[in-house]
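# A structural walkthrough
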Amino acid sequence: MGDSTGAPRRGAASVGRHEGRAAGTGSPERAGALYSSMIAIAEGLDLDSTLRRVVEVASELVDARYGALGVLDEAGTGLARFVTTGLDDDTRARIGDLPRGLGLLGELIRHPEPLRLGDLHAHPSSVGFPAHHPPMASFLGVPIRVRGEVFGNLYLTDKRRGEFTAEDEDVTVALAAAAAVAVENARLHQATERLVVEGQRRRRWLEASGEITTQVLAGADPGEALVLAAERAAELADGCGAMITTPPPVVAEGDVAPPVRVTVSVGLEDRLPVGARLGLDGSALATVGRIHAPRVEEDLVLTVDGQDRRFGPALLVPLDGTTAITGVLVVVRRAGSEGLDAEGLSAVASFADQAALVLRLAESQRARRQLDVASDRERIAADLHDHVLQRLFAVGLGLQATQARLAALPEAAQRVNEAVDQIDGIIRDIRTSIFDLHVVGGGTGLGGRLRGAVAEMTAHVALEPVVRLSGAVDAVPEELVVQVEAVVREGVSNAVRHAAPQSVVVTVSVDDILAVDVTDDGAGIPENVARSGLANLVARARALGGDADVSRAATGSGTRLSWWVPLDPQCPD
């Protein structure tokens, strides 16, 4: 292959490789144009703009119809990017995929030295052009080295007048050196911008974590802290919304896992409302629960209340508790947007860890507050019992004794009787209040009903009833609540009416079975008393798959009524 005069090139005429030449740039006009071009290249700091400007300036300097800059991939064996000039958008679209660095373009990758050809088709590495590619003849290729490593290659083709000359090659080599400096500056600027963005993201993360910590330490409700955590996580990940679920259960292989529930929903309330059930069968939530590690989904699919719904890219992060995860934080981006990068994943995952730690602190603080409230309730209950209830009871007994002496004064006896009734009512109300104080939060379910019933039935007797509750008592279904209240009323009523006890203990526990135990220390049920009520309780229990029994108490005196029925596993949800 010859140069523009037709003489063979020095050192490698067959392939046209250039071992090195003093960089002469020809006329003063051309030297000035090269200098201006170098300044134009160095002006920008955006890498994409810099690469395009290099191709445009090089094509203009050597009067090439087409130019391209191929950026090498990480392995240095192919092209990762290909920036072109001279081709309109329609032509590029018709050509199809950009070149990967094979054929003649790969020659410069394999041998990174200047390559100048009068007709590129005559080179042994040439493999032709794809369909719709414009015709090209002359060729000039120059590597661009950044810090001694080849960053990419500058390809110029189809000189408008004649072939590329040695002067064109020298000018392009000089321009490639300037381009290398510009590329390095742009890359440093890009790296600096990434550091700035990462610093801003870290600052936002610290501010968000500090905001949540401040709220919790100020005594904010943990539910509010969860909402704030979801909001800030969505902001950090540039998401359109976020949610927090209950922890996915760990089940044996082949078993069907029960669904989890949405406990917090921010920005997704229409598609993922609070309380919605999310199926775990084959879902990313199940995977997060199993591996206890963050997971990125390109296209999140969730089964919401039995219906499959598709979302955009998503990040799922477990909220790690002391012994197990306490939930899953899910941040969702809009459909069609980019997924989270490694930095975004790391930031949100770290934020989720901080949020989980703060929530554990919130739970601990709430537990301490509940203990303080319980202590106050116990103190108030003791005061009511010791200083109020006993005095009222003594007043009532005194009035009853006085009533017997007023037989000759019916009106006075009636008024005393009414006063006694009022005192009984006050005693009953106070006992109900004492029972409520023994349970933090009171309760209007089965527990509250049982305490009220026991207080009502023991208001007229001098004994101190005890009600003990264990398990999810207030989650018992209404149809069983009615049955349990009837059992307790029957058991306490029998003890008060027939046994004259000093104490009655009512115990209700909820586990796999619902068990009721009413024990007193009285004389027991007389043999001649009708047992129709007890028989009815046995019939009720057996109708529900359980049983009932009346026996002597373990202490040797008194009576014990035991009543139990099996619970559906779904009952205490």
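As a reminder, the structure under discussion sits directly above these lines.
### Describing the environment of Thr402
Its location among the elements puts Thr402 in helix H8 (residues 342-403). We classify Thr402 as partly exposed; its relative accessible area is 35%. Taking the C-alpha atoms as reference, Thr402 lies 8.5 Å from Ala413; in sequence the two are 11 residues apart.

### What to know about the nonpolar core
Val506, Leu514 and Trp563 are the most contacted members of the largest nonpolar core, which has 31 residues in total. Among the secondary structure elements, those contributing two or more residues to this core are helix H10 (446-457), helix H11 (478-499), strand S15 (503-510), strand S16 (513-520), helix H12 (532-543) and strand S18 (559-566). In terms of residue count, the dominant contributor to this core is H11 (seven residues). Leaving out residues up to four positions away in the same chain, Trp563 has contacts with Gln483, Val484, Val487, Leu514, Ala515, Val516, Leu537, Arg540, Ala541, Leu544, Asp547 and Ala548.

### Concerning the sheet that holds strand S17 (residues 547-552)
With mixed pairing, the five strands of this open sheet are ordered in space as S14-S15-S16-S18-S17. Only two strands of the sheet have a single neighbouring strand rather than two, namely strand S14 (464-470) and S17. Within this sheet the neighbouring strands show an average axis-to-axis angle of 10°, counted without direction. Pairing of S15 with S16 involves seven bridges; the strand directions are antiparallel.

### Points about the side chain of Asp520
Topologically, Asp520 is positioned in strand S16. A relative accessible area of 6% means that Asp520 is categorised as buried. Among the polar contacts made by the side chain of Asp520, one reaches the main-chain amide nitrogen of Gly522 at a distance of 2.8 Å. Dropping the residues within four chain positions of it, Asp520 is found in contact with Ala495, Ala499, Pro501, Ser503, Val504, Ala553, Ser557, Gly558 and Thr559.

### Considerations on the packing of H10 against H11
Contact geometry for H10 and H11: axes closest at 10 Å, N-to-C directions at 20°. By the angle class used here, H10 and H11 are roughly parallel. As for the relative orientation of H10 and H11, their crossing is right-handed in sense. Here Leu446, Arg449, Leu450, Ala453, Val454, Glu456 and Met457 of H10 come into contact with H11, specifically with Glu478, Val481, Val482, Val484, Glu485, Val488, Arg489, Val492, Ser493 and Val496. When its residues are assigned to classes, the contact of H10 with H11 shows 11 nonpolar, one polar and five charged.

### Brief notes about the packing of aromatic side chains
Applying the stated criterion across every chain, the model contains two aromatic pairs. Judged by centre distance (6.3 Å) and plane angle (35°), the rings of Phe82 and Tyr155 are tilted. Of the two residues, Phe82 is situated in strand S2 (residues 79-85) and Tyr155 in strand S5 (residues 149-159); the sequence distance between them amounts to 73 residues. Across the pair, exposure class does not vary: Phe82 and Tyr155 are buried alike. For the ring pair Phe139 and Tyr155, a centre distance of 6.2 Å and an interplane angle of 35° mean the geometry is tilted. A residue pair is termed long-range when its members are at least 10 positions apart, and Phe139 in strand S4 (residues 139-146) and Tyr155 in strand S5 qualify at 16 residues. The buried category is assigned to Phe139, whose relative accessible area is 2%. Judged by relative accessible area, Tyr155 falls into the buried class, the value being 2%. Aromatic ring contacts, followed pair by pair, group Phe82, Phe139 and Tyr155 into a single cluster. Directly above the aromatic system of Phe311 lies the positively charged group of Arg271, at a separation of 4.2 Å from the ring centroid.

### Digging into the pairing of strand S12 (residues 314-320)
A large share of S12 lies buried, amounting to six of its seven residues. Pairing of strand S9 (residues 295-297) with S12, which is carried by three bridges, proceeds in the antiparallel orientation. Pairing of Arg295 across the sheet is with Leu316, part of S12. Both S12 and strand S13 (residues 325-332) contribute to a ladder of seven bridges, which runs antiparallel. Among the inter-strand pairings, Pro318 is bridged to a residue of S13, identified as Val328.

### A look at the side chain of Lys159
Note on placement: Lys159 falls in strand S5. The buried category is assigned to Lys159, whose relative accessible area is 14%. Polar contacts involving the side chain of Lys159 include one to the side chain of Asp168, which spans 3.0 Å. Apart from the residues lying within four places of it in its own chain, the contact partners of Lys159 are Val62, Asp63, Ala64, Ser138, Phe164 and Asp168.

### Some points on the pattern of salt bridges
Per the counting criterion, the structure on display carries 17 salt bridges. One salt bridge connects Arg232 with Glu231, and the closest N-O pair in it is separated by 3.8 Å. The class for Glu231 is partly exposed, based on a relative accessible area of 30%. Arg449 serves as the salt-bridge partner of Glu478, at 2.9 Å between the closest nitrogen and oxygen. Of this pair, Glu478 sits in helix H11 while Arg449 sits in helix H10, placing them 29 residues apart in sequence. Within the structure, one salt-bridge network assembled from shared partners comprises Glu211, Glu231, Arg232 and Glu235.

### What about the pairing of strand S1 (residues 64-72)?
With eight of nine residues buried, S1 lies mostly within the body of the structure. Taken together, the seven bridges between S1 and S5 define a ladder with antiparallel strand orientation. Bridging across to S5, Ala68 finds its partner in Tyr155. Here S1 runs beside S2; their pairing, made up of six bridges, is antiparallel. What sits directly across from Gly70, in S2, is Phe82. As consecutive antiparallel partners, S1 and S2 are separated by six residues, and within that stretch Gly76 has a phi angle of approximately 75°, a positive value.

### What to know about helix H6 (residues 222-236)
With 15 residues, H6 extends 21 Å between its outermost C-alpha atoms, agreeing within 8% with the 21 Å of an ideal straight helix rising 1.5 Å per residue. Every buried residue of H6 is accounted for by Pro222, Ala225, Leu226, Leu228, Ala229, Ala230, Arg232, Ala233, Ala234 and Leu236.

### Digging into helix H7 (residues 284-291)
Residues of H7 that are buried include every one of Ala284, Leu285, Thr287, Val288 and Gly289, and no others. Looking at the residues trailing H7, positive phi occurs at His292, about 55°.

### Section: the environment of Val264
Tracing the chain through its elements places Val264 in strand S7 (residues 260-266). Taking relative accessible area as the criterion, Val264 reaches 4% and is therefore assigned buried. In sequence terms Val264 and Gly223 are 41 residues apart; their C-alpha atoms lie 8.2 Å from each other. Non-local contacts of Val264, meaning those with residues more than four positions away in its chain, are made with Leu226, Val227, Ala230, Ala242, Met243, Ile244 and Val274.

Conventions and cut-offs
- The numbers attached to residues start from 1 for each chain and follow its sequence in the written order.
- Owing to the predicted nature of the model, reporting of local features is limited to residues with pLDDT of at least 70; listing and counting of side-chain atom pairs is limited to 80 or more, with chain, interface and lining totals taken over all residues.
- By convention in this description, side-chain values take in all heavy atoms of the structure and omit both hydrogens and water.
- Secondary structure is summarised from DSSP: a helix means a run of H or I of at least four residues, a strand means a run of E of at least two, and numbering begins at the N terminus for each.
- The buried label goes to any residue with under 20% of its type's maximum accessible area, the exposed label to any with over 50%, and the partly exposed label to all in between, with areas taken from a 1.4 Å probe on protein chains only.
- Definition used in this section: a nonpolar core is a set of buried Ala, Val, Leu, Ile, Met, Phe, Trp, Tyr and Cys residues joined via side-chain atoms within 4.5 Å.
- The contact criterion used throughout is that any non-hydrogen atoms of two residues lie within 4.5 Å.
- Here the rule is simple: two strands pair whenever DSSP picks up at least two bridges between them.
- What counts as an axis is a line fitted to C-alpha atoms, over the stretch in contact for a helix, and the angles between N-to-C directions run from 0 to 180 degrees.
- N or O atoms closer than or at 3.5 Å make up a polar contact, with two conditions inside protein: a donor-capable atom paired with an acceptor-capable one, and, for residues adjacent in sequence, both atoms drawn from side chains.
- To sort the angles, those under 35 degrees are grouped as roughly parallel, those over 145 as roughly antiparallel, those from 65 to 115 as roughly perpendicular, and the leftovers as oblique.
- Left-handed describes a crossing whose near helix is turned anticlockwise from the far helix by less than a right angle; the clockwise case is right-handed.
- Residues are grouped as follows: Ala, Val, Leu, Ile, Met, Phe, Trp, Tyr, Cys and Pro are nonpolar; Asp, Glu, Lys and Arg are charged; all remaining types, including Gly, are polar.
- Only Phe, Tyr and Trp rings are paired, with Trp represented by its six-membered ring, and only when their centres lie within 6.5 Å; those with planes under 30 degrees apart are stacked, over 60 edge-to-face, the remainder tilted.
- A ring is considered to have a charge above it if a Lys NZ or an Arg CZ atom is located within 6 Å of its centre and within 35 degrees of its normal.
- We define a salt bridge as a side-chain nitrogen of Lys or Arg found within 4 Å of a carboxyl oxygen belonging to Asp or Glu.
- By definition here, a helix of n residues has an expected span of 1.5 Å times n minus one.

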